[in-house]
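A closer look at the structure
Take a look at the letters that make up each chain.
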Amino acid sequence: MNFYITTPIFYVNAQPHLGHAYSTIIADTVSRFQKIAGNDVRFQTGTDEHGDKIAEAAARSNETPREYVDRISRMFRETWPPLHIEPDNFIRTTDANHINTVRSILQKVHDRGDIYFSEYSGLYCKGCERFLTEKELINGNCPDHLTPPEPITEQNYFFRMSKYQEWLIGHIEQNPEFIQPERYRNEVLSFLKEPLEDLCISRPTSRLTWGIPLPFDDKFVTYVWFDALINYLTGIGYPDGPDFARYWQGAEHLIAKDILKPHAIYWPTMLKSLGLEPYRKLHVHGYWNVNDTKMSKSIGNVVRPADLIEECGADSVRYFLLREMSFGLDSSFSDDALINRHNSDLANDLGNLVSRSLTMVKNFCDCKVPPAGAMRDSDRELAAAATGMVAEYRKQMEVFAFHRALREVWKVIAMANRYIVNNAPWELAKEPASRERLDTVLYTLLETLRLITLTLHPVMPATATKMKDALGVESPPDFDSQAQWGRLVPAAAVTPGAPLFPRLKKATPAPAPADNRARQSSQKAARPGRTERGKP
Ligand code: MSP
């Protein structure tokens, strides 16, 4: 099966934060998972670089829009490799081929009679870059930006979105998996109960010049959402490139709930007008909040990915984000929660299992996979749990239930740790008559570790690679050939390495601040002091 996973392309009006990293880590994890499952995968992310917000941000930083977007887009691109995120394509809406494709699509939709010119009065939210309806406002404010939208009357071009309303309702109803999780599908269907308005898709150049000129009227530039959504097509070479034919039918978009409407309503109707099949699925996740408020650059309560990597390592950040949030719901971020998960799940549960098992193979089996003898009930139980885990993990990963998939893995990790205690290999090692039993126990542990490693590749790629190398597994991860029990070959070399996850110290609360300056300096000092890895 072909699989094309995308993140939103992020606005370059501020720097990347943990919210952006979450979506991009999920997409990377899904991409790695689908590859191991034997699929032909493409993963795309990028930056959204036109529109009011960007033009204003450039002016604020005294740069030309071009200089500004180049600089911030580079920051996004450079944020991903240290998080072990490896997109196949990083698209920018200022790329020449994107601009050409947007213009040719506008012309096509215009030629079909789906674009017309008219006057419009409405309430415009600059933060959302769209007109809001009265119904959406909360106390007169935009619900996302908490500011009042501006009344604007303007002549503009409109896309006949309303024409496709009935078709869209039918499509969502006939394809229950089109929008997931279900709560967002229901939200879209309930929104579609009201008549859909046509979409304003231009901005007069008298108000905004930083955009793609309309091919049929150069006094207007393209509305940023009409431009941005098309990235999903440009990035795979629409209309003629071989990758378009190869990947479009496998397109799955990943977004947070803030941009549900453009993705669930504007985008499928645009595709329909173009005569294209809609994307396959839309996956919608919730928000990372800090103190119950959405983490966002406009509010200023952002957490920077680089700080977290410095604190506990990229794999630990990836694990935390995927394990802690139930996909689709909101979650709260705190340093303490991150450190707790790192210490308990990674340093204690997984780290100890790996180091104890490998140390015993080193001490009792001369760093070689021992031969397995006759299995007892406790061995068979662990083996069945480990193979069952891989199957259940795959099921959950396929539906983006990452926290459940990881819970299954950690159940087996806990079971394996108990298995060590119950079988006490160090006691068996004292009795030459127990040699076969000792070998069987250690073989069972190594095989369990091998299967755990297989499941960890998508989520913690660097850790899984270390574990795979320590176990002497040579072939690249692959569920079809490696999910069966008993693939480790006796006498093969096992190479124990350094501990996988050094324990982190908990943050010690800073003393009550005498003034603001004292507080700032104590907070700055709190971060580096956390690790026990010899960092300052
Ligand atoms: N440029 C548009 C998207 C165009 S896609 C064709 C945009 N950009 S954005 O920079 O505002 O990014 C929004 C996305 O960033 C969210 O949908 C989500 O993927 C991610 N997140 C931003 N803040 C987030 C949280 N606090 N929590 C979770 N995800 C967050 O909208």
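Residues numbered from 1 in each chain as written. Predicted model: local features only at pLDDT ≥ 70, side-chain atom pairs only at ≥ 80, totals over all residues. Heavy atoms only, no water.

**A word on the nonpolar core**
- Of all hydrophobic cores here, the largest spans 156 residues; its most connected members are I179, L233, W248, W267, L350, W410 and I452.
- A per-element tally of this core places helix α13 (residues 335-365) first, with 12 residues.
- Split by domain, the residues of this core number at least three in each of domain 1 (2-285) and domain 2 (335-482).
- Those residues within four positions of W267 in sequence are excluded, and the remaining contacts are L229, I230, Y232, L233, W248, H253, P262 and Y279.
- L123, C128, L132 and L137 belong to the second-largest nonpolar core, a separate cluster that totals 6 residues. (Core = buried A, V, L, I, M, F, W, Y, C linked by side-chain atoms within 4.5 Å. Buried < 20%, exposed > 50% of the residue type's maximum accessible area, 1.4 Å probe, protein only. Helix = DSSP H or I, 4+ residues; strand = E, 2+ residues; numbered from the N terminus. Domains from an automatic or database assignment. Contact = heavy atoms within 4.5 Å.)

**Here we look at the packing of aromatic side chains**
- Applying the stated criterion across every chain yields a total of 29 aromatic pairs.
- A centroid spacing of 6.4 Å and a plane angle of 20° characterise the contact between F244 and W248, whose relative ring orientation is stacked.
- With relative accessibility at 5%, the residue W248 sits in the buried group.
- Three or more aromatic residues link up through ring pairs in this structure, and these residues are Y116, Y120, Y124, F131 and F158.
- The ring of Y124 carries R207 above its face, with NZ or CZ at 5.3 Å from the centroid.
- Between the NZ or CZ atom of K257 and the centre of the ring of Y287, over which it lies, the distance is 4.6 Å. (Phe/Tyr/Trp six-rings, centres within 6.5 Å; stacked < 30°, edge-to-face > 60°. Lys NZ or Arg CZ within 6 Å of the ring centre and 35° of its normal.)

**Details of the site of the ligand**
- The immediate surroundings of the ligand are formed by 25 residues, with I9, S23, D48, D258 and W288 found nearest.
- Between the ligand and D48, the relevant distance is 2.7 Å, taken from a nitrogen atom to a side-chain nitrogen or oxygen of the residue.
- Within the backbone of W288, one N or O atom sits 2.9 Å away from a nitrogen atom of the ligand.
- Within the complex, 96% of the 670 Å² of free accessible area of the ligand lies under protein.
- For the shell around the ligand, the secondary structure elements donating two or more residues are β1 (2-11), α1 (18-36), α7 (224-229) and α8 (231-234).
- With 4 residues, the single largest contributor to the shell around the ligand is β1.
- For the shell around the ligand, the per-class residue count stands at 13 nonpolar, 8 polar and 4 charged. (Near = heavy atom within 4 Å. Polar contact = N/O pair within 3.5 Å; in protein donor to acceptor, adjacent residues only side chain to side chain. Areas by Shrake-Rupley, 256 points an atom, 1.4 Å probe, with all protein chains shown as cover. Nonpolar A, V, L, I, M, F, W, Y, C, P; charged D, E, K, R; others polar.)

**Focus on the domain arrangement of the protein chain**
- By the assigned domains, the protein chain splits into domain 1 (2-285) and domain 2 (335-482).
- The centre of domain 1, based on its C-alpha atoms, is set 43 Å off from the matching centre of domain 2.
- Contact residues are listed per partner, giving 13 residues for domain 1 and 15 residues for domain 2.
- Of the roughly 1300 Å² buried at the junction of domain 1 and domain 2 (both faces included), carbon and sulfur atoms supply 77%.
- If you sort the residues of domain 1 by the area they bury against domain 2, T29, F33 and I36 come out on top, with a joint share of 51%. (Buried area = accessible area lost by both parts, 1.4 Å probe.)

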